[in-house]
Amino acid sequence: MSKDIVKQLRNLAITKQLNFLLGSGVSVPAIPLMGSFHDIFGKSANEQLFERVQEVSKKLLTKNNCELADENINTVLCSYQKFIESVVSILNLSNSRQVPKNVNIFTTNYDLYIEKATDQILKKYKLVFNDGASGYFDRYLDSSNYNRTVSYKGLNDNYINEIPSITLIKPHGSMNWEKHNENILIKNEVVDEPVIVIPDGYEASTTFESNHFHEMLRIFQMELDKPQSVLFVIGFSFQDKHIAKMVKRAVQNPELMVYVFGFTDSDSEIFLNNLNFESERSNFIILTPENFDEAYVNKNIDNEHDIEWLSFTLSNLTNILNGMKLEESKDDKA
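Residues numbered from 1 in each chain as written. Predicted model: local features only at pLDDT ≥ 70, side-chain atom pairs only at ≥ 80, totals over all residues. Heavy atoms only, no water.

Notes on the packing of aromatic side chains
Thinking step 1. Evaluation of the coordinates by the stated rule reveals 15 aromatic pairs.
Thinking step 2. Considering the side-chain rings of F106 and F220, the 4.7 Å spacing of their centres and the 75° angle between planes classify their relative orientation as edge-to-face. A residue pair is termed long-range when its members are at least 10 positions apart, and F106 in strand β2 (residues 102–107) and F220 in helix α6 (residues 211–225) qualify at 114 residues. Across the pair, exposure class does not vary: F106 and F220 are buried alike.
Thinking step 3. Taking the centre distance of 6.1 Å and the plane angle of 75° together, the rings of F232 and Y259 count as edge-to-face. Taken together, the residues span a long stretch of sequence, with F232 in strand β11 (residues 229–234) and Y259 in strand β12 (residues 256–261) at a distance of 27 residues. (Phe/Tyr/Trp six-rings, centres within 6.5 Å; stacked < 30°, edge-to-face > 60°. Helix = DSSP H or I, 4+ residues; strand = E, 2+ residues; numbered from the N terminus. Buried < 20%, exposed > 50% of the residue type's maximum accessible area, 1.4 Å probe, protein only.)

The following block contains the structure:
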């Protein structure tokens, strides 16, 4: 059963329009979940979370890949880099005549992990990284920049080869986004007052009050409405009601497949409750550690209770994606 699921995931990744939704769980343990913070005298939980994201993002921009002194920050960065590298490998195997050589990565995180990881990958691969910005010295966010492809052509214009591209869309903002008049300036540093959506329970109203955030979510909805698409969700529990509502609407598209990966087996019930689903759908599948062989999960030990428990993280998903070989892709397309 596990082998069938893994093969199916690999097949979908290479033959469909691929989308990822990464939530806060992906940046753990470098950045703890919101529930790990509690109001203390003089400082709210939101302020503590912001300070941690700010601290981590600044450290990411000062060191090279996987060379950070903070072990947790370093571990998470390496995990992101291996994930991005696996995505690029899939794009290089895909057939641009069937699906565009593009992957959309949506993230509710406003840290700079994806940007830092991709910057390292760009040194090794021919890749277009599209964060929606245009400009040279001053780079401004403009959603119209997302719908583009870049290709190489032969010296004699005798062929066109689409270059793999990763599109990054951040509906909750970013630590390097700075408001400039009515626009958002994307900088190469952590700014003092970034344009972000604070997780205070009012994310939906805050997001839709901002034209920029609204546009990010509109693109998210449009991509999921496209035919022959697949969405992989990890580190996200659907507590953000506005995004959960969009996913519920998107599932009505029969050509969309949504796979949600749970950190532990108990997450399945949490996902369904947050979405107000009684059960999974034919095109909405929840996968937890119990659905995979030992090779694709992490074994953890609870020393206090002396029990073993299993978990599934971004590194495990990366291992699944890395298993795609050229021979398999040809067989699946035959």
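Considerations on the pattern of salt bridges
Thinking step 1. What the rule picks out here adds up to 13 salt bridges.
Thinking step 2. As a salt-bridge pair, K187 and E178 come within 3.5 Å of each other at their nearest N and O atoms.
Thinking step 3. For E178, a relative accessible area of 27% gives the class partly exposed.
Thinking step 4. Linking K299 and E294 is a salt bridge whose minimum nitrogen-to-oxygen distance equals 3.3 Å. (Salt bridge = Lys/Arg side-chain N within 4 Å of Asp/Glu carboxyl O.)

Observations regarding helix α1 (residues 2–15)
Thinking step 1. Helix length check: α1, at 14 residues, gives a terminal C-alpha distance of 20 Å against a target of 20 Å (1.5 Å per residue), a fit within 8%.
Thinking step 2. Inspection of α1 places S2, I5, V6, L9, R10, L12, A13, I14 and T15 among the buried residues, and these make up the whole buried set. (Expected span 1.5 Å × (residues − 1).)

A word on the environment of V76
Thinking step 1. Among the structural elements, V76 can be located in helix α3 (residues 71–93).
Thinking step 2. Since its relative accessible area comes to 3%, V76 is described here as buried.
Thinking step 3. A sequence separation of 46 residues divides V76 from A30, and the C-alpha atoms of the two residues are 6.6 Å apart.
Thinking step 4. Not counting the four nearest positions on each side in its chain, V76 is found in contact with V26, S27, V28, P29, A30 and Y113. (Contact = heavy atoms within 4.5 Å.)

Some points on the sheet that holds strand β1 (residues 17–22)
Strand pairing in a sheet relies on backbone hydrogen bonds. The paired strands run either parallel or antiparallel.
Thinking step 1. The sheet built from seven strands is open, its strands ordered β3-β8-β2-β1-β11-β12-β13 with parallel pairing. Of all the strands in the sheet, the pair left with one neighbour each is β3 (128–130) and β13 (284–287). Direction aside, neighbouring strands of the sheet carry axes that sit 20° apart on average.
Thinking step 2. By the bridge criterion, six bridges tie β1 to β11 in an arrangement that is parallel. Looking at the pairing, L18 lines up with V230 of β11.
Thinking step 3. α1 rests against β1, β11, β12 and β13 of the sheet, and its axis sits at about 130° to β12.
Thinking step 4. Along the sheet face, α6 touches β1, β2, β8 (165–169), β11 and β12 and points at about 135° away from the line of β2. (Pairing = 2+ DSSP bridges. Axes fitted to C-alpha atoms, helices over the stretch in contact; angles between N-to-C directions.)

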